[in-house]
Amino acid sequence: MSTITAQQQQQQQQQPPPLSGLHVLELAGLAPGPFTGLLLADYGASVLRIDRPAGLHPSVPTPDNLTRRKSSLALSLKSTRGLALFLHLVASTDILLDPYRPGVLEKLGLSPSTLLRINPRLIIARLTGFRRDGRYKDMAGHDINYIALAGVLAMLGRKDSKPYAPANLIGDFAGGGMTCFVGVLLALIHRGVSGQGQVVEANMVDGAAYLASMPRFAVQGPMWNAARGENVLDGGCPWYDTYETKDGGFVAVGCLEEKFYDAFVRGLGVGDELVQERMNRKNWDGLRRIFTERFKEKTRAEWEAVFDGTDACVTPVLGFDEMKKRGHKMRPVVDLSLSPGLAMHTNEKGQGEGIEGGGFEAKGLVPGVGGEKVLRDWLGLEKGTHYVVADDGGYELRDGSENKAKL
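The rules behind the values
- All residue numbers refer to position in the chain's written sequence, counted from 1.
- Two thresholds apply to this predicted model, a pLDDT of at least 70 for residue-level local features and 80 or more for giving and counting side-chain atom pairs, whereas whole-chain, interface and lining totals are computed over all residues.
- For side-chain calculations, the full set of non-hydrogen atoms in the structure is used, while hydrogens and water are omitted.
- Relative accessibility decides the category of a residue: with a 1.4 Å probe and only protein chains considered, values under 20% of the type maximum give buried, values over 50% give exposed, and everything between is partly exposed.
- A run of H or I in DSSP counts as a helix once it spans at least four residues, and a run of E counts as a strand once it spans at least two, with each numbered from the N terminus.
- The criterion for strand pairing is that DSSP finds at least two bridges linking the strands in question.
- Helix span, expected: 1.5 Å multiplied by one less than the number of residues in the helix.
- The patches described consist of residues with a relative accessible area above 30% and no salt bridge, like charges being joined within 9 Å and nonpolar side chains (Val, Leu, Ile, Met, Phe, Trp, Tyr) within 5 Å.
- Note on areas: Shrake-Rupley with a 1.4 Å probe; residue coverage comes only from the protein chains shown.
- We define a salt bridge as a side-chain nitrogen of Lys or Arg found within 4 Å of a carboxyl oxygen belonging to Asp or Glu.
- For helices, the axis comes from a line fit to the C-alpha atoms of the stretch in contact; other axes are also lines fit to C-alpha atoms, and the angle between any two N-to-C directions lies between 0 and 180 degrees.
- Put simply, the grid is 1 Å and covers the protein atoms alone, a cavity is a trapped set of points that fit a 1.4 Å probe, a pocket is an open set with protein on both sides within 12 Å along at least five of seven lines, and lining residues have an atom within 4 Å of a point.
- Grid points are joined across faces, edges and corners, and a volume is the space filled by probe spheres set on the points.
- In the scheme used here, Gly and all other residues not listed as nonpolar or charged are polar, with Ala, Val, Leu, Ile, Met, Phe, Trp, Tyr, Cys and Pro taken as nonpolar and Asp, Glu, Lys and Arg as charged.
- Every residue pair with non-hydrogen atoms within 4.5 Å of one another is taken to be in contact.
- Side-chain rings of Phe, Tyr and Trp, where Trp is taken by its six-membered ring, are said to pair if the distance between their centres is within 6.5 Å; with planes under 30 degrees apart they count as stacked, over 60 as edge-to-face, and otherwise as tilted.
- A positively charged side chain is recorded as over a ring if its NZ (Lys) or CZ (Arg) lies within 6 Å of the ring centre. The angle to the ring normal must also be within 35 degrees.

The name an unreviewed UniProt entry gives the protein chain is Alpha-methylacyl-CoA racemase, with Gomphillus americanus as the organism.

Listed below in structure tokens is the structure:
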């Protein structure tokens, strides 16, 4: 009699991804909104991106690369019959992602109250950069502006240097797209209890400010009570920093705790009194000089050989290409034991077949790809019978077809 392993038993019990069966309408946007849609799609939701038809070329993908597992439908919300088709989709949708500035949907006659009358179970996730009710609500902005107002940008940068924005990770993706995703999940939990949809409002200023809770609290103590670039975690501390190696590579050092610092000092091969007195900030410049000179004596690979397997908290700084060459394959952002997200690669964590690019490469999404299948699956609509394609490439509901659609 064969013995079933724990892994085989888990595979036998594996259930569909947790968001399977959910219908998501994603109004076309860039970065934060599409990232929310990407997270929903990676955990099983059917995501239909609504693209604008004007000026679209049938073979040119959108500039948005966050389109993994999504479908697209080009339609105009300013067209009467295009809007009619959109409203049919709303009636069969669980989540609507609105990435527009305040007031845009309202001008189209698509206020949340209108949409919720059509579909009381609808979750309307509205993601803006600035606060929807703040003094900047009608202004354009980008990540750097949002984290500036959130009090985050002022904390980032080297000593005696201007504030430095770390790409658009904090505002757009963490404070924006990921935070909006959390809001959608909370609304789904509430709907599961009450049966009611609701409006989820997220903005990147509040999202980034919330993410900065730890450093904001830490300003009351020695971890972060000095000027920008002079604290433990912001580049001021020599044992929480990066260093260049002999071959031009870099290593990251993060030995915060004393026992980890001791392992670091032993591996580095230095140990005089100055090095040991690490908590005295007056010694930090001297320590940094010692560490800088020492790391320049070996290549990055040689330092890896010294520190790998130790608790010194020293790792190489890898680029994406290096990471992939080392066999790092992208996985769903969190792993669920019984209902994991969809796999990025074959034979990697997640379920289902892997996809081209495996998450690290993307080619965008050509407007219209997969949209007709979604119309058939969600609503039972067929091209020619229920809808047509206008001259500008936008899809529209046919006259008199309202009664033929599955609502």
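Bringing the pairing of strand 5 (residues 123–128) into the picture now. With six of six residues buried, strand 5 is to be regarded as a mostly interior element. Side chains of strand 5 alternate between two faces, with Ile123, Ala125 and Leu127 and Ile124, Arg126 and Thr128 buried alike. Summarising the sheet, strand 4 (residues 95–98) and strand 5 pair through four bridges and their orientation is parallel. Pairing of leucine 96 across the sheet is with isoleucine 124, part of strand 5. Across six bridges, strand 5 lies against strand 6 (residues 198–203) in parallel orientation. Within the sheet, the bridge partner assigned to threonine 128 lies in strand 6 and is asparagine 203.

What follows covers helix 3 (residues 80–91). For helix 3, spanning 12 residues, the distance from its first C-alpha to its last is 17 Å, which sits close to the expected 16 Å at 1.5 Å a residue. Along helix 3, the positions that sit buried rather than exposed are Gly82, Leu83, Ala84, Leu85, Phe86, His88, Leu89 and Val90.

A contiguous nonpolar surface patch, about 290 Å² in accessible area, is contributed by Val182, Leu186 and Ile189. Turning to its location among the elements, isoleucine 189 is positioned in helix 7 (residues 169–194). By relative accessible area, which is 58% here, isoleucine 189 ends up exposed.

On to the pattern of salt bridges. Two side chains that carry opposite charge are able to pair once their charged atoms sit near each other. Using the criterion set out here, one finds 26 salt bridges in the structure. The shortest N-O distance in the salt bridge between arginine 49 and glutamate 26 comes to 3.6 Å. Taken together, the positions of arginine 49 in strand 2 (residues 46–51) and glutamate 26 in strand 1 (residues 23–27) put the pair 23 residues apart, joining distant regions of the chain. Glutamate 26 sits in the buried class, given a relative accessible area of 0%.

Turning to the sheet that holds strand 9 (residues 314–316), a few remarks are in order. Spatially, the three strands line up as an open sheet ordered 7-8-9, and their pairing is antiparallel. In the strand order of this sheet, the two ends are held by strand 7 (240–244) and strand 9, each with one partner. For this sheet, the mean angle separating the axes of adjacent strands, direction not counted, is 25°. Of the strand pairs in this sheet, strand 7 and strand 8 (residues 250–254) are connected by five bridges, and their pairing is antiparallel. Paired with threonine 242 across the strands is alanine 252, a residue of strand 8.

Turning our eyes to something else, we now look at empty space enclosed by the protein. Taken as a whole, this structure holds one cavity of 30 Å³ or more when the rule is applied. Considering only enclosed or pocket space, the largest cavity measures out at about 30 Å³ in volume. Lining the largest cavity are Pro53, Ser76, Ser79, Gly82, Ala390, Asp392, Gly394, Tyr395 and Glu396. Looking at the lining of the largest cavity residue by residue, the classes come out as three nonpolar, four polar and two charged.

Moving on, we come to unusual backbone geometry. Positioned with a positive phi, aspartate 160 is a non-glycine residue whose angle comes to about 60°. Mapped onto the fold, aspartate 160 is located in the loop between helix 6 (143–149) and helix 7. Since its relative accessible area comes to 75%, aspartate 160 is described here as exposed. Not every positive phi belongs to a glycine, and cysteine 313 is a case in point at roughly 60°. Here cysteine 313 shows up in the loop between helix 13 (300–307) and strand 9.

Attention now moves to the sheet that holds strand 6. The pairing of strands in a sheet comes from backbone hydrogen bonds and takes either a parallel or an antiparallel form. The strand order across the open sheet formed by six strands is 3-2-1-4-5-6, and the pairing between neighbours is parallel. Two strands lie at the open edges of the sheet, namely strand 3 (71–74) and strand 6, each paired on one side alone. For this sheet, the mean angle separating the axes of adjacent strands, direction not counted, is 20°. Here strand 1 runs beside strand 2; their pairing, made up of five bridges, is parallel. Paired with leucine 25 across the strands is leucine 48, a residue of strand 2. The strands touched by helix 2 (residues 32–42) are strand 1, strand 2, strand 4 and strand 5; relative to strand 4, the strand with the most contacts, the crossing angle is about 155°.

Attention now goes to the packing of aromatic side chains. Considering all chains together, one arrives at 14 aromatic pairs under this definition. A centroid spacing of 5.1 Å and a plane angle of 65° characterise the contact between phenylalanine 295 and tryptophan 303, whose relative ring orientation is edge-to-face. Residue phenylalanine 295 shares its accessibility class with tryptophan 303, and that shared class is buried. An angle of 40° between the planes, with centres 5.6 Å apart, marks the rings of tyrosine 387 and tyrosine 395 as tilted. Here the two residues tyrosine 387 and tyrosine 395 agree in accessibility, since each one is buried. Directly above the aromatic system of tryptophan 239 lies the positively charged group of arginine 278, at a separation of 4.5 Å from the ring centroid. The cationic tip of lysine 298 hangs over the ring face of tryptophan 303; the distance from NZ or CZ to the ring centre is 5.6 Å.

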